[in-house]
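Chain by chain, the residues:
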Amino acid sequence: MPLKHMHTVRLEPVGIEMDVEEGETVLEAAFRQGIALMHGCKEGQCGSCKSLLVEGDIELMKYSTFALPDYEKETDHVLLCRTHAYSDLIVELLNFDEDLLRRSIPVRSYEAEVRAVSPLTQDIRLLEVAIEAPLKFWAGQYVDLTIPATGDTPAITRSFSMSSAPSSPEVLSFIIKKYPDGAFSARLDGGLKPGDRLTAKGPYGTCFRREARPGPMLLIGGGSGMSPLWSMLADHIESGEQRPVRFFYGARTAADLFYLEEFAAIARGLDDFRFIPALSDAPPEGWHGERGFIHETVRRYLATAQLGGEIDAYACGPPAMIDAVLPVLQMAGVEPFNIHFDKFTQPSS
Ligand SMILES: Cc1cc2nc3c(=O)[nH]c(=O)nc-3n(C[C@H](O)[C@H](O)[C@H](O)COP(=O)(O)OP(=O)(O)OC[C@H]3O[C@@H](n4cnc5c(N)ncnc54)[C@H](O)[C@@H]3O)c2cc1C
Ligand code: FES
């Protein structure tokens, strides 16, 4: 068998060296070697893995210019999830997180089996999956789920964040929004049945709960963005840590809200917890809560709230929601290194 070409990548300023094989991206090489670099979508859509190429020859696979505009490409910025190495490289990480590097979990593939699919709203489903062996992950992380090919139907892989807590490593649950023509999500009604086989590969993601932080924790989500936040909230409760928690959740109408009884029970059990839903399409009467988009609610809240302490914030959901929330947090004085987010981008093809 011919030998694979192998190159060395030196990551600055952390001083880590790793191999990258021909045919794999720098990010895939890092996952293979258990090195947790900043990333989000892994598909050139979100920009989280953006870094600076200091030295070496590379080729970039297809990516979105939202993630890497031309002026950044011209100044040697690269997306590590799209970068193939053709020589040894030196790469400067623009975003790195000591906590992330320290808490790295090697990525693995696991056989899995569907346990149940149940409705939470008219277009949100809870998918429960049993895993062949315990999957260690941090609350907020995600896996790539693959439905294998059958007959003429090709295999389909999509990223989904666990809604279950890491304390349940063998049965994972996922809160998934159903798109009528979605290659994966449309199969949640009638297509996927208990006993069906899947593959889960992971864990991925850098938007996970940071532990032992005394200041307030903001959880901000919309639609299926509830999934990782629900896991983080469960993990926070299990940890026994005491801190103010504010859970902001955006939905269109009251019928799109779910887990309301569970939130009420959590509010009774935790010392300083508030669930703050906002409806973007509430009727003129009958809804007494927040109205409008969730970033507007967060802005209003942070303008007057007396929270005290260093805030850390976690935002998950559609890219437009995240893009609206980030400046609100920055304007409210939340330190950039305390803002963690996952954009639920669509796959590129
Ligand atoms: C890091 C990460 C974590 C994620 N976690 C979750 C999660 O926990 N729960 C969850 O439900 N999803 C999550 N997603 C999104 C998920 O991976 C899929 O992109 C989504 O489920 C759509 O896949 P699909 O195959 O059903 O639709 P596709 O076949 O990919 O798309 C078909 C059509 O559906 C519509 N559509 C699909 N996605 C969107 C969208 N985002 N906005 C508007 N229209 C859309 C469009 O009309 C599109 O043409 C995550 C994505 C990422 C990158
Ligand atoms: S652009 Fe590379 S992880 Fe999203």
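Small disclaimer: the values here were computed from a predicted structure and weren't measured. (Residues numbered from 1 in each chain as written. Chains lettered and ligands numbered in written order. Predicted model: local features only at pLDDT ≥ 70, side-chain atom pairs only at ≥ 80, totals over all residues.)

Draft legend 1. Broad picture of the sheet that holds strand β7 (residues 89-93). Read across the open sheet, the 5 strands follow the order β2-β1-β7-β3-β5; overall the sheet is mixed. Each end of this open sheet is capped by a strand with a single partner; those strands are β2 (16-21) and β5 (77-79). In this sheet, neighbouring strand axes are inclined to one another by 40 degrees on average, regardless of whether the strands run parallel or antiparallel. Judged from the 4 bridges that link them, strand β3 (residues 50-55) and β7 form a sheet pairing that is antiparallel. (Pairing = 2+ DSSP bridges. Helix = DSSP H or I, 4+ residues; strand = E, 2+ residues; numbered from the N terminus. Axes fitted to C-alpha atoms, helices over the stretch in contact; angles between N-to-C directions.)

Draft legend 2. Spatial organisation of the site of ligand 1. If you check the shell around ligand 1, you find 26 residues, and the closest are Y179, G182, A183, S185 and S224. Mapped onto the shell around ligand 1, the elements with two or more residues apiece are β11 (156-161) and β12 (171-177). Shared between two domains, the shell around ligand 1 holds at least three residues of each, these being domain 2 (108-204) and domain 3 (217-343). (Near = placed C-beta within 6 Å. Domains from an automatic or database assignment.)

Draft legend 3. Spatial organisation of the nonpolar core. Ranked by size, the top nonpolar core spans 59 residues in total, and within it L219, I220, L229 and Y314 carry the most contacts. A domain split of this core shows at least three residues from each of domain 2 (108-204) and domain 3 (217-343). Discounting chain neighbours no more than four positions away, the residues touching I220 are F248, I294, V298, A313, Y314, A315 and V325. Ranked by size, the runner-up nonpolar core spans 24 residues in total, among them L27, A30, L37 and A85. (Core = buried A, V, L, I, M, F, W, Y, C linked by C-beta atoms within 7 Å. Buried ≥ 20, exposed ≤ 12 C-beta atoms within 10 Å, placed from the backbone. Contact = placed C-beta atoms within 7 Å.)

Draft legend 4. Quick peek at unusual backbone geometry. Residue P13 follows E12 across a cis peptide bond; omega there is 0 degrees. For K42, which is not a glycine, the phi torsion comes out positive at approximately 65 degrees. Tracing the chain through its elements places K42 in the loop between α1 (26-32) and β3. For K42, a count of 24 C-beta atoms within 10 Å gives the class buried. You will see that D76, though not glycine, has its phi angle at about 70 degrees, which is positive. Looking at where D76 falls in the secondary structure, it is placed in the loop between α2 (70-74) and β5. You can call D76 partly exposed: it has 13 C-beta atoms within 10 Å.

Draft legend 5. Representation of the sheet that holds strand β16 (residues 273-279) in the model. If you walk across this open sheet you meet the 6 strands as β17-β16-β15-β14-β18-β19, and the pairing is parallel. Whereas interior strands pair on both sides, the edge strands pair on one side only; in this sheet they are β17 (290-291) and β19 (339-343). Here helix α7 (residues 319-331) sits on the sheet and contacts β14 (217-222), β15 (245-251), β18 (312-317) and β19; the angle it forms with β19, its principal contact strand, is near 165 degrees.

Draft legend 6. Spatial organisation of the pairing of β3. As paired elements, β3 and β5 share 3 bridges and run antiparallel to each other. Note on β5: the bridge partner recorded for S51 is V78.

Draft legend 7. Just the pairing of β14, in detail. Burial of β14 is extensive: 6 of the 6 residues sit out of reach of the surface. The two faces of β14 match: M217, L219 and G221 on one face and L218, I220 and G222 on the other face are all buried. Where β14 and β15 come together, 6 bridges link them in parallel fashion. Across the sheet, residue G222 finds its bridge partner in β15, namely G250. Regarding topology, helix α4 (residues 226-239) serves as the crossover connection from β14 to the parallel β15, and that connection is right-handed. Pairing between β14 and β18: 5 bridges, direction parallel. Bridge assignment links L218 to a residue of β18, and that residue is A313. (Right-handed = clockwise from strand over helix to strand, strands pointing away.)

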